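The residues making up each chain are set out below.
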Amino acid sequence: MGGPVTPQGDVQVVDVGGRPVRLTHLDRVMYPSTGTTKGEVLHYVTQVAPALLRQLRDRPVTRIRFTGGVDGETFFEKNLPASAPDWVRRQTLRAAPGADDEGKELTLPFLDDLASLVWATNQGALELHTPQWRVGPRGGVRHPDRLVIDLDPGPPAGLDACAEVALLVRERLRADGLACLPVTSGSKGMQLYAPLPGRRRVMEVRAYARDVAHELAAAHPDLVVAIMRKELRGGKVLLDWSQNHPAKTTITPYSLRGRERPSVAAPRRWDEIGPGLTQLGPDEVVRRLEEDGDPLA
């Protein structure tokens, strides 16, 4: 990010890659438990931008906005607001079958460059959620280029149980020639991402993920569940295969989470996945990127 172009009281207009980005209330506390300000959130986003932008590229972004911090008003936003700069990439698409707004035309933003990412962060968009498919340069929706299985522990199960189940999922996918990578979610559980060549239709990928989840639940009934019903989930790890539905989005790797304390959807190495696994905060993620690079690169 370049220096300020125009100071206007509590507003700065900053040059970001040749784009003028309006920044406001940089001293606003976004995470009261740690005193983390919007300025510090923006600093984190710019530090991880190369890795985060790789994950966001060509995917429409649903934002969870925390306009007054994590203790304030929160709302999901799919459409691009009318106040967005004209240089933010956008595409009008119909909501996928099965979505709450099925068939409705949506004008969706793409945060493909640092300026757009900084603009969204200034809007209070701490959480950036994306689908498993991308949009081509002429606006065509492509087949999914990744499969994701979300591991959601039911109390009293926690991250240790997720780690145990993640190893089972890895071996099952490996049997079909798929390599997957772990991401601790920054919340309770974790996700596993398997890159795909983009040849299978989205509902085929969803059906495959469903079959894998039910197979593992049948093989390990004391540890794994593949059905969302709450009464079945206590002490087990839900394999949420539904994230592969075309209408669903998943927290983007390297995105912050809007929890009490700042945490990150953090890519991990497989040698970390075991007992004692913990969620990571932004400073840890930045340090790991600097020292070890991006596991998802």
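Refer to the structure presented above.
Residues numbered from 1 in each chain as written. Predicted model: local features only at pLDDT ≥ 70, side-chain atom pairs only at ≥ 80, totals over all residues. Heavy atoms only, no water.

1. A few points about the sheet that holds strand E10 (residues 125-130)
Read across the open sheet, the 4 strands follow the order E7-E6-E10-E16; overall the sheet is antiparallel. Strand pairing shows two members of the sheet lacking a second neighbour, strand E7 (74-77) and strand E16 (250-251), which therefore form its edges. Note that E10 and E16 share 2 bridges and pair antiparallel. Following the sheet pairing, His129 is matched in E16 by Ile251. (Pairing = 2+ DSSP bridges. Helix = DSSP H or I, 4+ residues; strand = E, 2+ residues; numbered from the N terminus.)

2. So, the pairing of strand E15 (residues 237-240)
Successive residues of a regular strand alternate their side chains across the two faces of the sheet. Residues Val237 and Leu239 line one face of E15 and the alternating positions Leu238 and Asp240 line the opposite face, and both faces are buried. Pairing of strand E11 (residues 146-153) with E15 involves 4 bridges; the strand directions are antiparallel. Within E15, the position partnered with Asp150 by the bridge is Asp240. Looking at chain direction, strand E14 (residues 224-225) and E15 are connected through 2 bridges and run parallel. Along E15, the bridge assignment pairs Val224 with Val237. (Buried < 20%, exposed > 50% of the residue type's maximum accessible area, 1.4 Å probe, protein only.)

3. A look at the sheet that holds E15
One open sheet holds the 6 strands; their spatial order is E14-E15-E11-E13-E12-E19, and the pairing between them is mixed. The open sheet is flanked by E14 and strand E19 (266-267), the only strands paired with a single partner. Against the sheet, helix H3 (residues 159-175) makes contact with E11, strand E12 (181-184), strand E13 (190-195), E14 and E15, and its axis sits at roughly 15° relative to E13, the strand it touches most. (Contact = heavy atoms within 4.5 Å. Axes fitted to C-alpha atoms, helices over the stretch in contact; angles between N-to-C directions.)

4. Points about the packing of H3 against helix H4 (residues 202-219)
Two elements in contact, H3 and H4, have axes whose closest approach is 11 Å; the angle formed by their N-to-C orientations is 125°. If you check the angle between H3 and H4, you find them oblique. H3 and H4 meet at a crossing whose hand is right-handed. Mapping the contact onto sequence places Leu168, Val169, Arg172 and Leu173 in H3 and Tyr208, Val212, Glu215 and Leu216 in H4. Considering only residue class, the contact of H3 with H4 consists of 6 nonpolar, no polar and 2 charged. (Parallel < 35°, antiparallel > 145°, perpendicular 65-115°, else oblique. Left-handed = near helix turned anticlockwise from the far one by under 90°. Nonpolar A, V, L, I, M, F, W, Y, C, P; charged D, E, K, R; others polar.)

5. Details of the packing of aromatic side chains
Taken as a whole and judged by the stated rule, the model has 0 aromatic pairs. In this structure, Arg89 packs its charged tip against the face of Phe110, placed 4.2 Å from the ring centre. The ring of Tyr208 has Arg200 lying over it, and the distance from NZ or CZ to the ring centre is 5.3 Å. (Phe/Tyr/Trp six-rings, centres within 6.5 Å; stacked < 30°, edge-to-face > 60°. Lys NZ or Arg CZ within 6 Å of the ring centre and 35° of its normal.)

6. A short note on the side chain of Ser242
You can see Ser242 is positioned in the loop between E15 and E16. Residue contacts for Ser242: discarding those within four places in its chain leaves Met228 and Lys248.

7. Re the environment of Pro50
Structurally, the position occupied by Pro50 is in helix H1 (residues 38-56). Given a relative accessible area of 53%, Pro50 falls into the exposed group. Residues Pro50 and Leu239, spaced 189 residues apart in sequence, show a C-alpha to C-alpha distance of 30 Å.

8. A closer look at the environment of Ala120
Structurally, Ala120 can be placed in helix H2 (residues 114-122). Each C-alpha atom of the pair Ala120 and Pro253 lies 16 Å from the other, and the pair is 133 residues apart in sequence. Setting aside its immediate chain neighbours within four residues, Ala120 contacts Leu111 and Ala125.

Any functional reading would require information beyond the geometric quantities listed.
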